[in-house]
Amino acid sequence: TDPCNVLLLSTALSGTVTYVRFLTTSKVLSLDQENEAVVERTKLLLASDDLRTTPGWELSGLFESKVYPFQDISNVLVLGASTIKTFDIGGIPFTVILNYWDGLSLNVQSLVVRIDGQNSTDVTVLQAIPTAGARDVVMFSVADEPYLAIANTAGSSFVYKWSGGAAVSQVRVVDPGTGYITGDAKLVCTSTHPQQCRMPGQSDFLGEAQADALGAIYRVVVRNAGSGYMADHILRVFYSGSDVEMDFSVTAVQTLYANQISCSRRQFGVGIIPNSTQSCSIGNMIVSSDSSFQGIVTDVEGGSITGLSAGVFNNNPADMDFAVLPITSACTCLLGNWSDCFTTVEYGIPMRITTEAPTGGRAFVANARWTDTVIRSFVIDSDLDHGSGYMVDPTDLFSEELDGSGNWVRSDQIAGGCVCLQGSGTWRDCVKPVRAHGNIRPGAWMVAQPIQDMPSVRTSRLFVEQEAGWEESSTISTKIPVDLTNPSELPIQGASGMASFEYESETFLIVSVYYDPVKKVFDSPSQVYKLMPGTGGLAVEQYQELFTVGAHGVTAISMPWCVEDCVTQPSGQQFCTSDCSEDAIFAFFSCAPAGEPSVLYRWERGRFVHVQDVVIDRALSFKPFDYEGTFYGVVAQQGETSEQFRWNGTHFLGVNVVDTRLQDTAGGQRFHSSNALSSLSLQYGTGASETLLMLIPAYRDDTMDATVPSLLYRGRVERMQDFITPVSIAVHTTNSTFVYVAAYGSRSISVFETDLPDSDEVYFDATKKVEGNGDVSLNGLNALAVPRSGGYLYAASSLAEGGMINVFRILDDGRLVEMPNLRIDSRMSIGLRGVRALHVGDAVLLAASFLDKSVTAFNRNISSGQLTYLDHTVNGERLIHRFPELEAESQNQSSSWWFQGDFPSKIGGKAPWSSSVTAIEHGYVHGRLFFVVAAGEQAQASAVVYEWRDDNFWTVQDFPQESDVSDVEMLYQEDLDGVGWYFLVMGSLNGDSNVYRYNPRHNKYFLFNQLPTELPDGTRVPPDCADVDECDSSIPFTMPGLTEAIPPWGDARPVPSVRRLKSFVIQDLLYLAVAYWWPVTDGYSWFSYIYRWQTYGTTLVADNETASGRGFQTFQVIRTEAASDVDYTFWTQTECEDGEEMCDIHLLYLCSHGIPADNSRCSVLQFAPAGYNPITDNPGAFFEIQSIDAFGATGVEVFDIPGEGHFLAVASHGNGEGLANGSLPTLPLCSSCSAIYRWTGQHFVLYQELERVKTAFNPDAQIPGLLETQTPAANGSRTMPPVQSNGRLIGAMDMKYFTWEGEYYLGLSKALCATSSINGTCTCWTEPCDISQPRSAVLQWNRVTRMFGEMLSTTDATNVRMRGAEVPD
């Protein structure tokens, strides 16, 4: 197996089958716009918790790792990633990461995450989706509902509904925890950026977490369901009405032994006996003698103290001396000593229990509650006093008390204090702080459904010890944000990519197929599905199959589609422009197998139609982008390069090459990449500061090393600026070729450099451009000239100083340096006013000026380039040269135009052909004028299609497989979908005749099918029926529609030899009449065919497209004998046989040469819509209404002359059999040779015998009887003396009617040939051939004689131009 093919099945891994390295380190990058660089921000290092605690866990994706065992791979969440895409929903970006293979199975979990920041901890995993070799993901809407579709390689693909956030329907308790009290249950964002968790319009959830007496949460009652929640939230318990979280805090302090806390000290409160003081003021201070008490008078009434801020102290006031400060204060105690004015109250010490604050947390505080002097309990008075961060139970409890100074101090740091009378006497023996925490997890485990699924019992893992317990659902949530419960299945295997689009409010999904693992083939078609709302979910309808081979991915894109907007001119020629105003939907399939092109389809009228086969090898992905109004596409390829294409409105164009230069500027590019799987365009800035960067991620190099750098390219568009009205070109060649272009409108000379023909590239160098300015005007720049010797360029400007010639020196690099001292202008009065044209030789320069109406001659210095005035001539002044008298010629000699021998070599530059041209047809194909020419030696007539463009013929297509073409016919037919197609029929002299269909995407014709010989029901007719034993060649054969049976043909094998084709349309149906010769050895010929186009059914065309319609089918057979020509005409007639006032006359003319020639006749057949057709078994058939005798008829032409009627011209060649039998032909006089017939209303009558027409060569010559007798040559061979036609129109081969400037002409070709030969060619009797052949003729209609005759001396149009009046009759 080719390892490259294996590689293409998975973009997740690289290397060989013996050494596999996973790409575990997917990354998040950011663009540094200032430095135009991509900077790594973080790695997507996601793993389950138990693995993530292992140092170096990110290396677990290495198969060869011995430190981290193989089985740990399944715990890496981003492993073997094949695709990562981000979708913006409600202004929040969600990222889907598809994992292809985890090293054990293709059935893995892919992720929906949200990347909230630039650190590895800023990635929030929202959901895991089961996938099977996932390759692509798209998001779209159906009926305004969002959906997510995933392409799986190793199983069916699925479409899921994007449900987004949700309200909480219920809360289930998995781990009730311990130490909790009843509080609020709230959803907390797990992201390090909580603002990212808020969905638009989200409302808050609130529940009541109810705890039992043991501190276990036994249920959560939903008070407010909230909305917009995802799995980035977890449930936490808070103190009621508070934002303080209960987990890892001290919810209460239990007193284990009541009344067992002993305090060795008491505190006393101090008060004032009412009306016991006098003369006191607010602010007086009362102190004790030992300073243990200080009190401040706060209120007085009539000098008596009513308020004292004294606080508490440790001694009895009766035991202390007091004084009032300042000592001089008049404030005194009326009862004697100050101790007599105090009242004393004894109570317990203010006390609380706490610990040191935990790391990163906050210490709890519990205040003592006293009854008299006994501590009954400890109470936490505020939510914040519960503390935080207690991951373990608090230890080293201590009390705090007021030391009398208003400061809280630790009780074990002052004398006295309180102790526990139980156990060891520590606080721990009498009180117990209760910590809220979980049993399985650190906190209580509550599941909010449906944003999270219930966990399951943990299953054991190989080689890893683990405790019993629970583990989270592998999907995290089966409903949020993607509803996995009711997916819509896409019944397709080997899906490699997806793209969606909308058309007329309907949604479609395109799925590419790379390799069908069931059928084991690469050419399994890609699919288009139609998605519709259905009962109970999304309905998926298989809509269309698209032919692809190894499609590695698909991209849908909307781009402008250019169509032809054509207007028919009065001359009949079409003038077409491109209309690119409408956008179309395209699907680009990147096809990976070697040698297979990528495919572009376009959506048209509800179906995809083939647009282009993009020839590029091993394409892996396609990424389009729009830059400065132009669409481009980058195709990432397996191998060393990738390629960029430019969209021109109808095709993606690749790298500029010579073949594309004359058609369109390709604009594509090929650049280095190391097996690139994808690409990314980065655009920022606007206007002139707009910047385009292209990131090409590298997969691996040819050494199988996956650690190759990705590449960042900077884009630019080079344009021709100020290239307005180019008028002249000059070329200078040294080591390189420099092309100089003069632009009149921009007054500039642009410089192009090329190495043609050795190179296919042409460069425009803006730095070498010469622009007109104050110093070098170039105003009115019209002409450039460079001498053959090079070195200098001369420029003529008609408006600079009235007319100027500038001289530029050409440097080696093509740069131009103007030489001011060599300028010449019109102020010298040397005939340069309005100078517009230059011609330069090595020693002379000629200048033509339109204002001075003059030609000026200069002598040119070859070395310096300087011009020296010689002379100039002005209109009306004198002649430059006196020409000798021309000698009169005896007859006109035509110039060497393409129609005189050089015809084949002129058209398209083909090698010269012989003079044997069998057919020429022309017509418009998509607005382009095509000529189809069939010509060649003898029976080897091939065909070539040319396009007439820019006053020249350009080769479009050769048909080397066609070797005996006798006639060609260009057709146009619309299919059932209304799409028009152009066809080309090539009639064969010897065998099958082929029908071709034009493919505008490839700019060529492809074989469509062949003209049939069997009947529509498949019945074979002679001679084919005898080959398959369906008829007997020894007895007559009865043909449907023929009154005369076909006589036996025995062992002869007649070949259908086509002589002429004619297509026509009746009642919107396309017909083709074919004149068949059927040459055989016994001199018998059979019938001709009429075909009708069958629009139903399908046909597989050679371009691998399936065409609508079956093509031509046999409609009718007509008895002929060596049919030589066919024609058709139609007109509306006022006198009808059935009494109708108006009727359509459809006439078909089939002429038979006859074997022998005196059996020749032309059948006139009329179409009867109601006439029975025995072949089709339906109404509608042609019936003979007239038979016109001829003598070796070879051509028929039908035409109208305004005011004169309908005419039929028959060319009769005469007896042309002699040469086929080895003897020379004879041409006896005949009364029914070439002639013109006129329509009477019901039939044709003889109007003019063309054999009697005299010519200008010998107007009095009589018509001779026979040609001069033959004389044997010395060697016994026969020779033919020169034919003296004496003006007779003998040997007629064909006729053609045409009009020009109101005159009517009939061209008649003549040749002495063996017209009955099997190959239909003409063999000369003597050499050179032109001596023995009669002249062809052009006859002109004479309106006086009302006959065709010799060419008149002048026409009305010519006489009007010369004399202002028509020619008098």
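We now turn to the structure provided with this report. What you are looking at is a predicted structure, and each value in this text was computed from that prediction instead of being measured. (Residues numbered from 1 in each chain as written. Predicted model: local features only at pLDDT ≥ 70, side-chain atom pairs only at ≥ 80, totals over all residues. Heavy atoms only, no water.)

**Re a nonpolar patch on the surface**
Worth spelling out the cut-off: To count toward a patch, a residue needs a relative accessible area over 30% and no salt bridge; like charges are then connected within 9 Å, while nonpolar side chains (Val, Leu, Ile, Met, Phe, Trp, Tyr) are connected within 5 Å. Using a 1.4 Å probe, accessible areas were evaluated by the Shrake-Rupley method; residue-level cover was limited to the displayed protein chains. Any carboxyl oxygen of Asp or Glu that lies within 4 Å of a side-chain nitrogen of Lys or Arg is treated as forming a salt bridge with it. Counting from the N terminus, the helices are DSSP H or I runs at least four residues long and the strands are E runs at least two residues long.
Taken together, V844, L846, V855 and L870 make up a surface patch of nonpolar side chains, about 280 Å² in accessible area. Relative to the helices and strands, L846 resides in strand β68 (residues 844-849).

**Examining the sheet that holds strand β86 (residues 1143-1152)**
As a reminder, the rule being used: Strand pairing follows a simple DSSP-based rule, namely that at least 2 bridges must link the two strands. Where helices are involved, their axes are fitted lines through C-alpha atoms of the stretch in contact, as for all axes, and angles between N-to-C directions lie from 0 to 180°.
On the basis of which strands lie adjacent, the open sheet formed by four strands has the order β85-β86-β87-β88 and antiparallel pairing. Strand pairing shows two members of the sheet lacking a second neighbour, β85 (1123-1133) and β88 (1178-1189), which therefore form its edges. Taken over all neighbouring pairs, the strand axes of this sheet differ in orientation by 25° on average, direction set aside. Taken together, the ten bridges between strand β87 (residues 1161-1173) and β88 define a ladder with antiparallel strand orientation. Paired with L1165 across the two strands is E1184, which belongs to β88.

**Some points on the sheet that holds strand β73 (residues 942-949)**
Taken in spatial order, the four strands make up an open sheet running β71-β72-β73-β74, and their pairing is antiparallel. Two strands in the sheet have a free side with no partner beyond their single neighbour: β71 (917-925) and β74 (952-959). Put simply, the sheet's adjacent strands are angled 25° from each other on average, direction ignored. Here strand β72 (residues 928-935) runs beside β73; their pairing, made up of six bridges, is antiparallel. Residue pairing in the sheet places V932 in a bridge with V945 of β73.

**Structural notes on the pattern of salt bridges**
Heads up, the rule is: Only protein chains enter the calculation, and the probe is 1.4 Å; a residue is then buried if its accessible area is under 20% of its type maximum, exposed if over 50%, and partly exposed in between.
Taken as a whole, this structure holds 32 salt bridges when the rule is applied. R670 serves as the salt-bridge partner of E643, at 3.3 Å between the closest nitrogen and oxygen. Separated by 27 residues along the polypeptide, E643 in strand β51 (residues 641-647) and R670 in strand β53 (residues 669-672) bring together distant segments of the chain. For E643, a relative accessible area of 7% gives the class buried. Taking the relative accessible area as the measure of exposure, R670 reaches 48% and is therefore partly exposed. Note that R949 is salt-bridged to E947, the shortest N-O span being 3.6 Å. Residue classification places R949 among the partly exposed residues on the basis of a relative accessible area of 27%. Given a relative accessible area of 7%, E947 falls into the buried group. In the salt-bridge network here, residues are joined through shared partners; they are R928, E947, R949 and D950.

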